[in-house]
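# Fold and contact review
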Amino acid sequence: MASMAILTKSRSLLKALYPHHHSLKSITTFPFLSQEPQLAEPPLPFPPPTPEPPQAADTTTTTPLPPNPASGSPLYNENWRTTTTDTATQSLIPLGFLHQATSRIQALSQTLDIQSIKNLFADWMTSQRWADMKQLFEFWIRALDKSGKPNKPDASLYNHYLRANLMLGAPAGELLDLVAQMESFAIVPNTASFNLVLKAMHEAKEVQAADKLLERMIQTGVENKESLPDYESYDLVVGMMLKADQIDAALKYIDLTLKSGYMMSMKVFTECVGVCVRKGRLDTLVSVIERCKKMDENKALCPPWRLCNYIAEVAIQADNSELSYYALEFMAKWIARGEIARPAVMISVDEGLVVSALGSAGRTYSSKLLDGSWAILKRSLRQKKIPNPESFLGKISAYASLGNLQKAFTTLHEFEAAYGSTEEAEDLFSPFTSLFPLVVACSKKGFATLDSVYYQLENLSQGDPPYKSVPALNCIILGCANIWDVDRAYQTFSSITANFGLSPDIHSYNALIYAFGKTKRESAVEVFDHFTSLGVTPNAMTYALLVDAHLIERDPKAALSVIDEMVSAGFVPTKETLQKVRRRCIRQMDYESDDKVESLARKFGIRIGTQNRRDMLFNLEYSIDY
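Residues numbered from 1 in each chain as written. Predicted model: local features only at pLDDT ≥ 70, side-chain atom pairs only at ≥ 80, totals over all residues. Heavy atoms only, no water.

### Observations regarding the overall build of the chain
Quick reminder of the rule: Helix and strand assignments follow DSSP, with helices taken as H or I runs no shorter than four residues and strands as E runs no shorter than two, numbered in order from the N terminus. When accessible area is computed with a 1.4 Å probe and restricted to protein chains, residues below 20% of their type maximum are described as buried, those above 50% as exposed, and intermediate ones as partly exposed. Contact between two residues is taken to exist if any of their heavy atoms lie within 4.5 Å; hydrogens are not considered. Only the protein chains shown count as cover for residues, with accessible areas throughout obtained via the Shrake-Rupley method and a probe of 1.4 Å.
Summing up its helical and strand segments, the chain has 31 helices and 0 strands in all. Relative to its full complement of 626 residues, the chain shows a buried share of 39%. Taking contacts inside the chain between residues at least 6 apart in sequence as the whole, the part at least 24 apart equals 62%. Of the roughly 37400 Å² of accessible surface on the chain, a fraction of 55% belongs to carbon and sulfur atoms.

### Regarding the nonpolar core
Test applied: Here the nonpolar core consists of buried residues drawn from Ala, Val, Leu, Ile, Met, Phe, Trp, Tyr and Cys, with membership extended through side-chain atoms lying within 4.5 Å.
Tyr 158, Phe 409, Leu 412, Phe 415, Leu 438, Leu 457 and Val 581 are the most contacted members of the largest nonpolar core, which has 163 residues in total. By residue number, the principal contributor to this core is helix 23 (residues 470–482), which donates 8 residues. In this structure, Phe 409 is in contact with Leu 438, Cys 442, Val 453, Leu 457, Tyr 467 and Ala 472, ignoring residues within four places of it in sequence.

### A look at the UniProt feature "repeat: PPR" (unreviewed entry) in the chain
Convention followed: UniProt positions are given in the numbering used here, feature names are shortened, and annotations may be inferred rather than shown by experiment.
With numbering matched to this structure, UniProt assigns "repeat: PPR" (unreviewed entry) to residues 190–224 and 539–573. Secondary structure over residues 190–224 splits into 80% helix and 0% strand, and the C-alpha atoms at its two ends are 9 Å apart. Taken end to end, residues 539–573 comprises 74% helix and 0% strand; its first and last C-alpha atoms sit 11 Å apart.

### Considerations on the confidence of the model for the chain
The line we're drawing: Residue-level confidence of the predictor is what pLDDT reports, using numbers from 0 through 100.
Of the residues in the chain, 81% have a pLDDT of 70 or more, and the chain-wide mean is 83. When the criterion is pLDDT under 50, residues 68–93 qualifies, and its contacts beyond four places in sequence or with other chains add up to 19 contacts.

### Description of the packing of helix 4 (residues 114–126) against helix 6 (residues 155–167)
What counts is decided by this rule: For helices, the fitted axis covers only the stretch in contact; all axes are lines through C-alpha atoms, and the angles between them, taken along N-to-C directions, range from 0 to 180 degrees. In this scheme, a crossing is called left-handed if the near helix is turned counterclockwise away from the far one by less than a right angle; it is called right-handed if the turn is clockwise. Any residue outside Ala, Val, Leu, Ile, Met, Phe, Trp, Tyr, Cys, Pro, Asp, Glu, Lys and Arg is labelled polar, Gly included; the first ten of those are nonpolar and the last four are charged.
Look at helix 4 against helix 6: their axes get within 10 Å of each other, and the N-to-C directions meet at 35°. Pair helix 4 / helix 6 crosses with left-handed handedness. Contacts from Ile 114, Ile 117, Lys 118, Phe 121 and Met 125 of helix 4 reach helix 6 at Ser 156, Leu 157, His 160 and Arg 163. Each residue belonging to the contact of helix 4 with helix 6 can be placed in one class, and the counts come to 5 nonpolar, 2 polar and 2 charged.

### Notes on unusual backbone geometry
Negative phi values dominate among residues other than glycine, just as trans dominates among peptide bonds. A cis amide bond, omega 0°, links Arg 342 with the succeeding residue Pro 343. Position of Pro 343 relative to the elements: it lies in the loop between helix 15 (321–340) and helix 16 (351–364). A cis amide bond links Asp 464 with the next residue in sequence, Pro 465, at an omega value of 0°. Residue Asp 245 is not a glycine yet carries a positive backbone phi of 60°. Along the chain, Asp 245 turns up in the loop between helix 10 (231–243) and helix 11 (247–259). Relative accessible area serves as the criterion here: at 40%, Asp 245 is assigned to the partly exposed category. For Asp 319, which is not glycine, the phi torsion reads 55° and is therefore positive. Here Asp 319 shows up in the loop between helix 14 (305–317) and helix 15.

### What to know about helix 27 (residues 540–552)
The line we're drawing: Multiplying 1.5 Å by the residue count of a helix minus one yields the expected span of that helix.
Between the first and last C-alpha of helix 27 there are 19 Å, a value that for 13 residues agrees with the 18 Å anticipated at 1.5 Å per step. Those residues of helix 27 that fall on the buried side of the exposure criterion are Thr 542, Tyr 543, Ala 544, Leu 545, Leu 546, Val 547, Ala 549, His 550 and Leu 551. Elements in contact with the buried residues of helix 27: helix 25 (506–517), helix 26 (521–533), helix 28 (556–568) and helix 29 (575–587). Backbone geometry just downstream of helix 27 places Arg 554 in the positive-phi region, at approximately 60°.

### Observations regarding the pattern of salt bridges
The test is simple: The salt bridge criterion pairs a side-chain nitrogen of Lys or Arg with a carboxyl oxygen of Asp or Glu, the two atoms within 4 Å.
Applying the stated criterion across every chain, the model contains 24 salt bridges. Here Lys 279 makes a salt bridge to Asp 245, at a shortest N to O gap of 3.8 Å. Here the residue Lys 279 occupies a position in the loop between helix 12 (266–278) and helix 13 (282–293), and Asp 245 occupies one in the loop between helix 10 and helix 11, the gap between them amounting to 34 residues. Here Lys 596 ties to Asp 564 by a salt bridge, and the two come within 2.9 Å at their closest N and O atoms. Residue Lys 596 is found in helix 30 (residues 591–603), and its partner Asp 564 is found in helix 28; the two are separated by 32 residues along the sequence. On the basis of relative accessibility, which here comes to 33%, the residue Lys 596 falls in the partly exposed class. Asp 564 gets classed as partly exposed once you look at its relative accessible area, which sits at 29%. One network of salt bridges, with partners in common, ties together Asp 255, Lys 259 and Arg 291.

### Focus on the side chain of Ser 373
Among the secondary structure elements, Ser 373 is positioned in helix 17 (residues 367–381). Classification of Ser 373 by relative accessible area gives buried; the value is 0%. With residues up to four places along the chain from it excluded, the contact list for Ser 373 reads Leu 328, Val 354, Ala 357 and Leu 358.

### Quick look at the state of the cysteines
Worth spelling out the cut-off: Count a disulfide wherever a pair of cysteine sulfur atoms falls within 2.5 Å.
If you walk through the whole model with that rule in mind, you get 0 disulfides. No disulfide involves Cys 302; its sulfur sits 4.6 Å from the nearest other cysteine sulfur, which is in Cys 308. With no disulfide of its own, Cys 442 lies 6.0 Å from the sulfur of Cys 475, the closest cysteine sulfur.

### As for the packing of aromatic side chains
To keep things clear, this is the line we draw: Stacked, tilted and edge-to-face are the three classes assigned to paired rings of Phe, Tyr and Trp, where Trp is represented by its six-membered ring and a pair needs centres within 6.5 Å; plane angles under 30 degrees give stacked, over 60 edge-to-face, the rest tilted. Geometrically, a charge over a ring is one whose NZ (Lys) or CZ (Arg) sits within 6 Å of the ring centre while staying within 35 degrees of the ring normal.
One pass over the structure, following the stated rule, counts 23 aromatic pairs. Centre to centre, the rings of Tyr 158 and Phe 185 are 6.1 Å apart; their planes meet at 50°, and the pair counts as tilted. Taken together, the residues span a long stretch of sequence, with Tyr 158 in helix 6 and Phe 185 in the loop between helix 7 (172–180) and helix 8 (191–204) at a distance of 27 residues. Phe 185 matches Tyr 158 in its accessibility class, with the two residues each being buried. Through pairs of rings, three or more aromatic residues link up here, namely Phe 493, Tyr 509, Phe 528, Phe 531, Tyr 543 and Phe 571. The positively charged end of Arg 129 is found above the aromatic ring belonging to Trp 124, 4.3 Å away from the centroid. Note that Arg 337 overlies the ring of Trp 334, its terminal NZ or CZ placed 5.0 Å from the centroid.

### So, the side chain of Glu 271
Selection criterion: A positive count includes Lys and Arg, and a negative count includes Asp and Glu. His and the chain ends are not counted in either.
Structurally, Glu 271 is set in helix 12. There is no salt bridge for the buried Glu 271, and the closest opposite charge comes from Lys 243, which lies 4.2 Å off by N-O distance. Those residues in contact with Glu 271 that sit more than four places away from it in its chain are Gly 239, Leu 242 and Lys 243.

### Regarding helix 7
Definition in use: Here, the arc refers to the directions that run from the helix axis to the C-beta atoms.
Taken together, the buried positions of helix 7 are occupied by Ala 172, Leu 175, Leu 178 and Val 179. Buried residues of helix 7, seen end-on, are gathered within an arc of 115° and therefore sit on one face of the element.

The following block contains the structure:
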């Protein structure tokens, strides 16, 4: 702004000093508008006419409008509506300057040898002078060297020329023609030459052409090792095929990539994982991951954290234990990376996902997935929190499914140490619900398994430190009841106090009632009267087991009396219990009791529904008998 003020003042000063010099021009700070020189007009063949006398001067002066853009003025490139452009008139750079630059490059091409032009291209690549590279190469191959022979490029220099064409937006077909012209220079195309063509095909999404070119590289690579595909070749083609959902063709080239010992890029690996999961090719994905883990180059491959969670969810729903384990392993890698980062990023796995993985491990009998799930859960909690009860129960159920009762009872011991003294302990350690998988595992092979487990518990009770567990003994009692062995059930119940020095809880009495209720209703009632006299409070399961005992003896009225006691104690009968009583009432033709069941169902808002199909079978059997 200071320079502008000086120039303005100097112009006014010049006018004051030289008032009669009208042709005086001052320095301007505005950019010069370049104009092309125009030819002088030819002289007239005869003298011009005499000028007319001057008329009265018009006091108003008008400024003419600029030319109409649609009138075909050269200033507006003939017509502003046309889509074609004339670079000669539209360019802001004078034509002389362009010709001068071309002449300079042409002169430069005559002074460079092959090594000098390579060094120059290396410099120009950093500044992205692709057009100059293309032009210089074309001038250079037409020039002569010092010995008077035409310049001859090698494969490396020609690849610079191909790259310049690629960066200038040349299509894949044009690049293929340029590769074919390499034979005229006695140059054999190498892998880098074909990779530049593959990049152009990748940009244009020409999947089939890329597939054919890669096949050609593989075939010609048998004779010429320099044209064999490398990791970049496979990476480009596999990425195109995965995006086009051509999974089988992509997996073929992935297999060739791994067989050749090349490293798979993280982008292609992530796309492969995502496509296989979306298309349900879980076993194929497992094989790819296993092969990558066997190679040192691909051991570090790991999908993003969100994709790892998605893989785990899909694999667990499909009960694919191998893929579930690999998904958790990927998540463990992310946890380890976060811990060593600075600042540290504490990542944790969702515990609900781990519980689902434990359930899948039990269904698929996979000890590998079971151990991996528990390990990553402990890693996520970082010894700052104990696992939730669902996690312990999932682990117990998984070990019970695997038949590993020793680890199952060890986990039960940890579960008792963590939640044995809480208010929810009564529901958490019930052999009828949460610990029922352990009961089934104990009674799977009959009394042999039950006796083996009992003797192991008896030995552990005498160890240092001793391990005594009422929930574990309750599982044995209920297991004995499942195989209809009332004597073993009663002996195990008695040993709780006699051998282990413990007091039976409500689940112990319920298991004994369940054992007696199958054969001796009176004994089941006596057990109930006994523990109520001791001050033990029955729960809803107790009343449900007594109802079942009366129904086995075909006494619906006694069952309804137990339900009345159950309601008086503050419990609500379940829909299953009311359906059992109603079924027995219909078969005994006790319609009065049936009406009472209906009133109870309406009272508690339970929709029992009809038993038409069961009634039809019962009536059919009744009519056959009579």
